[in-house]
Amino acid sequence: MLSNAPVYKRSVKNIKDVYISHINGKSKEAEIKRINKELANIRSKFKGDKALDGYSKKKYVCKLLFIFLLGHDIDFGHMEAVNLLSSNKYTEKQIGYLFISVLVNSNSELIRLINNAIKNDLSSRNPTFMCLALHCIANVGSREMAEAFAGEIPRILVAGDTMDSVKQSAALCLLRLYKTSPDLVLMGEWTSRVVHLLNDQHMGVVTAAISLITCLSQKNPDEFKTCVSLAVSRLSRIVSSASTDLQDYTYYFVPAPWLSCKLLRLLQCYPPPEDGAVKGRLVECLETILNKAQEPPKSKKVQHSNAKNAILFEAISLIIHYDSEPNLLVRACNQLGQFLQHRETNLRYLALESMCTLASSEFSHEAVKTHIETVINALKTERDVSVRQRAADLLYAMCDRSNAKQIVAEMLSYLETADYSIREEMVLKVAILAEKYAVDYSWYVDTILNLIRIAGDYVSEEVWYRVIQIVINRDDVQGYAAKTVFEALQAPACHENMVKVGGYILGEFGNLIAGDPRSSPLVQFNLLHSKFHLCSVPTRALLLSAYIKFINLFPETKSTIQEVLRSDSQIRNSDVELQQRAVEYLKLSSIASTDVLATVLEEMPPFPERESSILAKLKKKKGPGAVSVNELEEGKREGELNGGGERGGDNSGIAASNASTPSPSADLLGLRTGPPVTAAAPSAGSLLVDVFSEAGVNDDGFLSSAPPSVVSEDTAPPLPESNELLNKFVCKNNGVLFENQLLQIGIKSEYRQNLGRMYLFYGNKTSVQFVTFTTTVTCPGELQSHILHIYTCKHMFILAYTCYDKLNVQTKPVEPLIEGGAQVQQVINIECLSDFCEAPLLNIKFRYGGALQNLTLKLPVTINKFFQPTEMASHDFFQRWKQLSQPQQEAQKIFKANHAMDTEVLKAKLLGLGMALLENVDPNPENFVCAGVIQTKAQQVGSLLRLEPNAQAQMYRLTLRSSKDTVSKRLCELLAEQF
Amino acid sequence: MQQQIIRETFHLVSKRDDNVCNFLEGGSLIGGSDYKLIYRHYATLYFVFCVDSSESELGILDLIQVFVETLDKCFENVCELDLIFHMDKVHYILQEVVMGGMVLETNMNEIVAQVELQNRMEKSEVSSVHIHIEQPGVTPVQLT
């Protein structure tokens, strides 16, 4: 047994005092004072002239570690700890490694020294030292360590003469390195020997190796396929063994519980075994495990039941993962059902969690549903919020059309008392279920309004946007919605979200209930306006829009509303947005004819259907994988039911209010419009302007509060890699400009003189259509651009004609809709007016699913594209070279080669540049010279190039001379990135 | 950061009753919903493991028990002060159970054997080299 080594006691004696004062509750200051004194002492020892012996070093390093663990910062002693590593005394080495594992971060400068010490210990053949070194690698796990040891460790792992304890450490060490730097750990030749560790005699080795194999299998399932049959036979041997067979690895009468769990986990990386015999054996194992659960316990100790149930839960997970054995699935479900009522909270928690996944299987969905009462009861009575959370998750998972009303009602009533931490998620879930399983939409509207009433603070924008979308898309519910929301607004204190929904719906459909004198137009207006002063700016803005819609719906309210708008608190509101709305709406209501008013303020068109944004939000909240694929697909199906597909286009898009491309996340009424009036003015469509100018309204950014969303949303900044992408195309004209998971942009271009034509191919890589696909070409900074977007009412084509003073870029419209897997083409004509540096920017916006995609790239239009090659003899070249001898006409760069210095490749690149490559001109045959003339509309700029490679130094010197300094400079910059 | 995590975790765990479940979704600091805190409460001590979804919850619960039983064997009736004054020893024992965040060994006898091996090596070094060290001179600790 352990006896307290005197060294150790001494080393912490002083510190002990600190700790005693710590737990005695003496002041924090006293503790800090004591610590600082001790730190100063240690520091002076380390800095002292006298070299410390290993023992003292160890003592002080140990003290530092202790101080660190008490929660104080340590900023020295690392070097001393590293020194201890090279000691040949075990205790010194050990404390050195411990200090480094705990305190050295992975990018420390000392890592090289540490690596050296580790290398020595790994090759020492002393198993204890090897283990220490492996532990250290696993604990630090930095990239440098991976680089240094990823090759060595597999060798140690599979070597025949390695001790078991070292093998265990090596397996986990490798796993750690694989997790941090998967690219550096190459299994290749070791694969099959690592898999065969599953057969190792020593259970500890198998346990460690299986963690490694599981992780590797997840990444490369095919290479590690053979582990399935080995795992099954190992599992079968354990499961069928008597409780004493495995000696030390039997834990409270359960044979090797951890290993069994790990084996079952490994099997979850694969589909059911194809080999009938293996599968049979596995099914037998699973049945045995289920059977054992029914046997009386061999011990009353909780450890026994924990170990047994750990295996059981993993087995159930595997059964659920296979989802192919109805018999096992039902048994699993019954077993979990028993656990739901178990007195152990842990088991109830885990049962609820497992049942969640079980609910998505078609075989067991019905069986899970039978437990609904128990689960609802759990939601109501569990004392632990973690468990209640699981119960809520399970209710959500087991919900279908048959029990939706019951579950939603229970969740709503739970919401009134729910923990704050889970309210938002509960709200999302209720909203999703209500929408998904709504048979009659009045129930849906009721549910969401209840939701706002009960937990208004937790109702996110997505939820109330969604209810509005649905009401707008479904004529049959509009009257009911107006009536209900009107009633809800009667409550003396109602949540602001309710006011928003109320304002929106009454603004659109207030007319449907105006027949009833109790909800006459003026009553409606007064009700809304009574909430006005209590609301925040965005809500007030929305209400103002509702008021102007009232004027259109109910001419009799016009004078009342105009008066409200005219009041100082509106028309002189300190908030710009509110003031602007008040001014504009007032003007609109007094100037525009009824026809114009009716057009502008027409009812919102139906929203195009897409995946519910709420679902997207829930997924985001819970991380990927939280919502099963099943559910997503179902979501889509349901979406079609509710919406009626793509009906968006048939309404006139002229009206400002509906030009805002409907989207769940974009503001419905342009509440959050970013750009101020002036910025929006030139981009507000000209057709839009026409409508108003006809009516005699000044077209200066009118109704800019609701400009077309494609324009109103800010343009994304250029992608960080856009410069790199641009550089790819300096020497070539065709290729893939950009690619991500959704979109691929191909490019083909041709240039003649100062003109160019570029074909862009936008390919949709997904199976879902992109809608409102628009592209805009602009030029940053240096030029004034005049962009004219012309919105044709029907298809929202954009024709952008961009007139720059240097580049003239004309963009042909692109189809606003790209079907899944389809490609559309866009032609861009370019005219080079004068030399330029900045490439034009191509902004692309579209909606995929609900989400707006917004990306900006640089169009690969560079000045060299307008080169005209010029052939000339050696004599001419040097004459011209001399003529361009003014210092500013030359630009030079010396730089390191980024690519192999292959002559043929260099030639090809220089040709791609567009200049003439002149042979036999430079006296040194290694050098390249080129000549060309850049054609712009304003002038021609002759340019000469000389590239001098230095193969030894792997460097280039690049010199450019041209008649215009900016051109030399720009060309030099562009080309320096190419070689 | 480390201290913050410890504080937050303690805050989460210490409020919980004894008969609630031993798993809870971690606080904001430990990173995402994939991680759980699994803890056991022994008298005045909480042992908290933070694990990702690659481990069985009940398995980890048992592992904590193995760790504690091992401590008990190594220190003979382990108590709070053992863990504080021998924090290096505790670390060495933990290293035999968990390595770089991964389960290394679950067999208590194996773990104890490794620890004893270490102790023997330590003793032999101490007795051969540092025999001249003066009396340890530990005064009895008084806890008021």
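The structure under discussion appears in the preceding block.
Residues numbered from 1 in each chain as written. Chains lettered and ligands numbered in written order. Predicted model: local features only at pLDDT ≥ 70, side-chain atom pairs only at ≥ 80, totals over all residues. Heavy atoms only, no water.

(A) Region of the structure containing the overall build of chain B. Each helix and strand counted, chain B has 5 helices and 5 strands in total. Taken from the N to the C terminus, the helices and strands of chain B come in the order α-β-β-β-α-α-α-β-β-α. Every one of the 144 residues in chain B was classed for burial, and the buried ones make up 49%. Of the contacts made within chain B by residues no fewer than 6 positions apart, 34% connect residues no fewer than 24 positions apart. (Helix = DSSP H or I, 4+ residues; strand = E, 2+ residues; numbered from the N terminus. Buried < 20%, exposed > 50% of the residue type's maximum accessible area, 1.4 Å probe, protein only. Contact = heavy atoms within 4.5 Å.)

(B) Spatial organisation of the sheet that holds strand β1 (residues 23-25) of chain B. Residue and element names in this part refer to chain B. Within the open sheet, the 3 strands sit side by side as β1-β2-β3. Their pairing is antiparallel. Each having just a single partner strand, β1 and β3 (45-51) make up the two edges of the open sheet. Direction aside, neighbouring strands of the sheet carry axes that sit 30° apart on average. Sitting on the sheet, helix α1 (residues 2-14) touches β1, β2 (36-42) and β3, and the angle it makes with β3 is about 115°. (Pairing = 2+ DSSP bridges. Axes fitted to C-alpha atoms, helices over the stretch in contact; angles between N-to-C directions.)

(C) Just helix α10 (residues 164-180) of chain A, in detail. Helix length check: α10(A) (17 residues) gives 25 Å between terminal C-alpha atoms against 24 Å at 1.5 Å per residue, within 8%. In terms of burial, α10(A) is largely enclosed, as 14 of its 17 residues are buried. (Expected span 1.5 Å × (residues − 1).)

(D) Here's a closer look at the sheet that holds strand β6 (residues 771-778) of chain A. All names here are of chain A. Taken in spatial order, the 3 strands make up an open sheet running β6-β10-β11, and their pairing is antiparallel. Either end of the sheet is taken by a strand with one partner, and the two such strands are β6 and β11 (851-858). For this sheet, the mean angle separating the axes of adjacent strands, direction not counted, is 15°. Of the pairings in the sheet, the one linking β6 to strand β10 (residues 841-848) comprises 6 bridges and is antiparallel in character. Bridge pairing in β10 links T778 to L841.

(E) Quick peek at the packing of aromatic side chains. Residue and element names in this part refer to chain A. Counting across every chain of the model gives 25 aromatic pairs over all chains. Plain terms: the ring middles of Y251 and Y252 are 4.8 Å apart, the flat faces sit at 75° to each other, and that makes the pair edge-to-face. Exposure remark for Y251: the relative accessible area of 7% places this residue in the buried category. Ring centres 5.8 Å apart and planes at 50° place the aromatic pair Y956 and F979 in the tilted group. Remark: F979 occurs in the segment after α43 (965-976) and Y956 occurs in strand β17 (residues 955-962); sequence separation between them is 23 residues. Just as Y956 is buried, F979 falls in that class too. Members of the aromatic cluster, joined through ring pairs, are F525, F532, Y547, F550 and F554. Between the NZ or CZ atom of K429 and the centre of the ring of Y396, over which it lies, the distance is 5.3 Å. (Phe/Tyr/Trp six-rings, centres within 6.5 Å; stacked < 30°, edge-to-face > 60°. Lys NZ or Arg CZ within 6 Å of the ring centre and 35° of its normal.)

(F) Seen up close, the environment of A:K896. All names here are of chain A. Topologically, K896 is positioned in strand β13 (residues 890-896). As for K896 and N950, which are separated by 54 residues in sequence, their C-alpha atoms are 9.5 Å apart. If near-sequence neighbours (up to four positions away) are discounted, K896 is found in contact with A953, Q954, M955 and F979.

Honestly, that's just the spatial picture; any functional story needs more than this.
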